[in-house]
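# Overview (structure and organization)
Letter by letter, the chains look like this.
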Amino acid sequence: MTTPLDASALRATTGSRATRLLGILTLAGMGLLVWCAFWWSPPDVVQKDAVRLLYVHVPTAIVAFTGCLITTVASAMWLRRKSDGWWLLGLASAEVALVFTAVCLLTGAIWGRITWGTYWDWDPRITSTTMLFILLVGYLALRRIDGESGDAAQRGGRSAVVGLLLFPNVLIVHFSVDWWRSLHQTATITRLDPTIEGAMLFTLMLGIVVFSMFFVWLLMHRFRLAWLDERVGALGLDDAIRARRAEAHPPTPEGKS
C-alpha cells in the first residue's frame, strides 16, 4: 500500500554511498576491461580481432537475461502480493534489461557481418533474442497502460502475465543452439571443458563481472527513481482529493452555523 511522504523525503536523490562506491568500482573495472580487451588479450586464431566483440556481446547478454529473470520473479510476486516494491522492481529490471538486450543484438549484428558476411540471419538464437526484445517492449508498453489505473489490484495484471514469459524465453535463447541447427557456436564457458582459456578467458570473465556491476548500479538508481516518482504521484493524488473535498465542503463563515 502506498504511503505518502513529506517534501523533505522527496528531495532525496537516487544515489547513496553504496551506489557511489559501486559506480567508482564499475568505472575502474571498465578501464581495466578496455585495456585487457584491446591490448592484453590476443587476437583469435580464426576470428582475429573480431573476437574482441566477445567481451561486450556475451556479458551484455548475461546481464540482460538476469534482468529478465528478476522481472519474471517480480511479476510473480506482484501477482501474489500486489505490493509496490515488486511492481517497481519489475519496471526497473525490465528497462535495464531492454537496454542490454539492444546492445547484445547490436554487437551480435556487427560480429555477424564480420564472421558470417551478413548483419542479420534468421538464426534460432538471433530470432529468439529478438522475440525477447519484443516481449520486453510489450511488457513496458502494457505497464504504461495498466499504470493509468490507480487500483493496484488491476493496474499490472496484463503486464505481469507478459513478465512471466520473459525468463522462459531466456531458456529458449540459451538452448536454441542445442535444439536447432544454428550459426552460433555452442556453449563456451558453461561446458565442462571450456573452449576459451588464458588471457581471453580472464578478459571475458572480467567483462561479465564489470557489466554485472554496471547492471546493479543502473538497477538501483532506476528502482529508486521509480519509487520517488510513485511517491510524488501519491502526494499529488492526496492533494487533489483534499482540494476536491474542500470545494465540496467549504468552510463555514464565523458566526454562522
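Structure: above.
Description of the structure in this document.

Criteria and cut-off values
- Residues numbered from 1 in each chain as written.
- Predicted model: local features only at pLDDT ≥ 70, side-chain atom pairs only at ≥ 80, totals over all residues.
- Heavy atoms only, no water.
- Helix = DSSP H or I, 4+ residues; strand = E, 2+ residues; numbered from the N terminus.
- Buried < 20%, exposed > 50% of the residue type's maximum accessible area, 1.4 Å probe, protein only.
- Contact = heavy atoms within 4.5 Å.
- Salt bridge = Lys/Arg side-chain N within 4 Å of Asp/Glu carboxyl O.
- Phe/Tyr/Trp six-rings, centres within 6.5 Å; stacked < 30°, edge-to-face > 60°.
- Lys NZ or Arg CZ within 6 Å of the ring centre and 35° of its normal.
- Expected span 1.5 Å × (residues − 1).
- Axes fitted to C-alpha atoms, helices over the stretch in contact; angles between N-to-C directions.
- Parallel < 35°, antiparallel > 145°, perpendicular 65-115°, else oblique.
- Nonpolar A, V, L, I, M, F, W, Y, C, P; charged D, E, K, R; others polar.
- Left-handed = near helix turned anticlockwise from the far one by under 90°.

### Re the overall build of the protein
A count of helices and strands for the protein gives 8 helices and 0 strands. Along the protein, from the amino end to the carboxyl end, the secondary structure elements read α-α-α-α-α-α-α-α. Each of the 257 residues in the protein was classed as buried or not, and the buried ones make up 37%. Considering only contacts within the protein whose residues lie at least 6 apart along the sequence, 78% involve residues at least 24 apart.

### A few points about the pattern of salt bridges
The full count for this structure, using the stated rule, is 2 salt bridges. The closest approach of N and O atoms between Asp 49 and Arg 52, which form a salt bridge, is 3.0 Å. Overall, Arg 52 belongs to the buried group, its relative accessible area being 14%. Across the pair Glu 95 and Arg 222 runs a salt bridge whose closest N-O atoms are separated by 2.4 Å. Of this pair, Glu 95 sits in helix α4 (residues 84–115) while Arg 222 sits in helix α8 (residues 198–248), and the two are 127 residues apart along the sequence. Judged by relative accessible area, which is 26%, Glu 95 ranks as partly exposed.

### A few points about the packing of aromatic side chains
Describing an aromatic ring pair means giving the distance of the ring centres and the angle of the ring planes. Inspection of every chain in the model, using the stated rule, returns 10 aromatic pairs. Consider the rings of Phe 175 and Trp 179, whose centres lie 5.5 Å apart with planes at 20°: the pair is stacked. Of this pair, Phe 175 and Trp 179 both sit in helix α7 (residues 166–179), 4 residues apart, which is roughly one turn of the helix. Of the aromatic side chains, those joined through ring pairs into one cluster are Phe 100, Phe 211, Phe 214, Phe 215 and Trp 217. Over the face of the ring belonging to Trp 78 we find Lys 82, whose NZ or CZ atom lies 5.0 Å from the ring centre. Of note, Arg 143 hangs over the ring of Trp 87, and the distance from its end group to the ring centre comes to 3.8 Å.

### Overview of helix α2 (residues 17–40)
Given a rise of 1.5 Å per residue, 24 residues ought to cover 34 Å, and the 33 Å separating the end C-alpha atoms of α2 matches this to within 8%. Looking only at α2, the buried set comprises Thr 19, Leu 22, Gly 23, Thr 26, Gly 29, Leu 33, Cys 36 and Ala 37.

### A look at the packing of helix α3 (residues 54–81) against α7
The relative placement of two packed helices is expressed as an angle between their axes plus a distance between the axes. Running from amino to carboxyl end, α3 crosses α7 at an angle of 150°, the nearest separation of the two axes being 7 Å. One element, α3, and the other, α7, form an angle in the roughly antiparallel class. Listed contacts from α7 to Phe 65, Cys 68, Leu 69, Thr 71 and Thr 72 of α3 are Leu 166, Phe 167, Val 170 and Val 173. Split into classes, the residues belonging to the contact of α3 with α7 amount to 7 nonpolar, 2 polar and no charged.

### Things to note about the environment of Trp 87
Relative to the helices and strands, Trp 87 resides in helix α4. Taking the relative accessible area as the measure of exposure, Trp 87 reaches 6% and is therefore buried. Along the primary structure Trp 87 and Trp 227 are separated by 140 residues, whereas in three dimensions their C-alpha atoms are 9.8 Å apart.

### Describing the packing of α3 against helix α6 (residues 157–164)
Viewed as axis vectors pointing N to C, α3 and α6 meet at an angle of 140°, and their least axial separation amounts to 8 Å. With respect to α6, the axis of α3 lies oblique. Relative to α6, the crossing made by α3 is left-handed. Residues Thr 71, Thr 72, Ser 75, Ala 76, Trp 78 and Leu 79 of α3 lie in contact with α6, whose contacting residues are Gly 157, Ala 160, Gly 163 and Leu 164.

### Points about the side chain of Arg 143
With respect to the helices, strands and loops of the structure, Arg 143 is situated in helix α5 (residues 124–146). Given the relative accessible area of 6%, Arg 143 is considered buried. When near neighbours in sequence (up to four residues on either side) are disregarded, Arg 143 contacts Trp 87, Leu 88, Gly 90, Leu 91 and Ser 159.

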